[in-house]
Amino acid sequence: MWNVLVAFKVFFLYMILTKRASELTNYLRELKKQNPQLSIGFVPTMGALHNGHLSLIYESIRENDRTVCSIFVNPTQFGEKKDLETYPKPIEQDMQMLMDAGTDILFLPEVDEVYPPDYEHQTFDLNGLDLKIEGEMRPGHFQGVCNVLYRFFEIVEPTRAYFGQKDFQQTVVAKMLVDLMDTDLEIRVMPIAREDHGLAMSSRNRRLPDHARKSANFIYHGLLKIKETAPEIGLQAAIQNMKEDILKRDNAELEYLLAVNANTINEVQNLSDADEIVILTVVKYYDVRLLDNMYI
Ligand code: AMP
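Residues numbered from 1 in each chain as written. Predicted model: local features only at pLDDT ≥ 70, side-chain atom pairs only at ≥ 80, totals over all residues. Heavy atoms only, no water.

Colleague: How do you make sense of the overall build of the chain when you look at a structure like this?
Modeller: Scanning the chain from terminus to terminus reveals 11 helices and 10 strands. Counting only C-alpha atoms, the chain reaches 60 × 40 × 35 Å along its principal axes. Burial analysis of the chain (296 residues in total) assigns 53% to the buried set. In the chain, the proportion of contacts linking residues at least 24 apart, taken out of those at least 6 apart, comes to 70%. As displayed, the chain offers around 14700 Å² of accessible surface, 48% of which is attributable to carbon and sulfur atoms. A distance of 4 Å separates the average location of the 31 positive side-chain charges in the chain from that of its 44 negative side-chain charges. (Helix = DSSP H or I, 4+ residues; strand = E, 2+ residues; numbered from the N terminus. Buried < 20%, exposed > 50% of the residue type's maximum accessible area, 1.4 Å probe, protein only. Contact = heavy atoms within 4.5 Å. Areas by Shrake-Rupley, 256 points an atom, 1.4 Å probe, with all protein chains shown as cover. Lys, Arg positive; Asp, Glu negative; His and termini not counted. Charge placed at Lys NZ, Arg CZ, Asp CG, Glu CD.)

Put into structure tokens, the structure is as follows:
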């Protein structure tokens, strides 16, 4: 049953589910043959969906004739085996959320469907971007991301692909990949969806103890404070204040906190160093890696 296109019908809503890459490619090509103007929006995810993912889906539905979402926990982008093995997989809940949101197609492949035995993993020239900041903390991560996106872009042939600003460096890497692939695909970046108290939504938040999930909004408030105070006290002093605040907290460990040029991801020291500056941070809180960032 999983090997064929299956249409789930719930109160006139339906979503096509496929696990087969060739089936998906053929189906979408057939649709495009019938309507050459047809636009396809693509939202790649690793599942354990939340409203942040859904914001990407809604925008894709708004901007395209068809929306394809993939759920695939890509092994090549995980350094730590434990993180891969314990990644949450509430697939039935995810399917219901996607269907309720109005997703047209869910692509749910197994590993060998994405990376067939003869697939040769590629090394993309990302100008060193894959080696710094998040890439330095997670060696091989962005090459893994590029390999999976390369395969998905080949399979789906989307008009637009949707990414969250939450994974800021990934959005820059995705744009570089599209340049390298020399396709017309448009990368769309959506704002960070946050829980009511400010914590950036993430599939990993569910690993936090309840009390820690509540208090983890200190990251968001710290970023806001940098934005507010940097014009007065200077960018580096504002960053230093947030570092000191994190140091004082129990069970919090700072991996990085720095200001970068939003286009190049090169570190900047002063507000005058770039037109668009983003503060990037990762805080390990109760052993959960929490990513966040903010334009200032
Ligand atoms: P993931 O399933 O973590 O690989 O995320 C899939 C996509 O959803 C990526 O483009 C993420 O950047 C995006 N995303 C994750 N969390 C959020 C969020 N809180 N707000 C907006 N987009 C998000």
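Colleague: Got a minute to help me understand the domain arrangement of the chain in this structure?
Modeller: How big an interface is tends to be reported as the loss of accessible area on association of its parts. Domain boundaries in the chain define domain 1 (5-190) and domain 2 (203-295). The interface is formed by 23 residues belonging to domain 1 together with 20 residues belonging to domain 2. In total, domain 1 and domain 2 occlude about 1800 Å² of area from one another, counting both sides; carbon and sulfur atoms represent 51% of this. Our count for the domain 1 to domain 2 interface comes out at 3 salt bridges. The partner of Asp 83 in a salt bridge is Arg 204, with the nearest N and O atoms 3.0 Å apart. On inspection of domain 1 and its partner domain 2, the count reaches 12 residue pairs in polar contact (both at pLDDT 80 or more). The set of elements that each furnish at least two residues to the side of domain 1 that touches domain 2 consists of α6 (134-137) and α8 (168-181). With 3 residues, the single largest contributor to the side of domain 1 that touches domain 2 is α8. (Domains from an automatic or database assignment. Buried area = accessible area lost by both parts, 1.4 Å probe. Salt bridge = Lys/Arg side-chain N within 4 Å of Asp/Glu carboxyl O. Polar contact = N/O pair within 3.5 Å; in protein donor to acceptor, adjacent residues only side chain to side chain.)

Colleague: It is not clear to me how the packing of aromatic side chains should be interpreted in this structure. Could you clarify?
Modeller: Given two aromatic rings, their pairing is described by the distance between the two centres and the angle made by the two planes. Using the criterion set out here, one finds 11 aromatic pairs in the structure. Plain terms: the ring middles of Phe 72 and Phe 152 are 5.9 Å apart, the flat faces sit at 80° to each other, and that makes the pair edge-to-face. Note that Phe 72 is positioned in the loop between β4 (66-71) and α3 (81-85) and Phe 152 in helix α7 (residues 141-156), a separation of 80 residues in sequence. The two residues Phe 72 and Phe 152 agree in class, both being buried. For the pair Phe 124 and Tyr 150, a centre-to-centre distance of 5.8 Å together with 50° between the ring planes defines the contact as tilted. Here the residue Phe 124 occupies a position in the loop between α5 (111-114) and α6, and Tyr 150 occupies one in helix α7, the gap between them amounting to 26 residues. Take Phe 124: its relative accessible area is 10%, and that puts it in the buried class. Within the aromatic cluster, the residues linked to one another by ring pairs are Phe 42, Phe 72, Phe 107, Tyr 115, Tyr 119, Phe 152 and Phe 153. (Phe/Tyr/Trp six-rings, centres within 6.5 Å; stacked < 30°, edge-to-face > 60°.)

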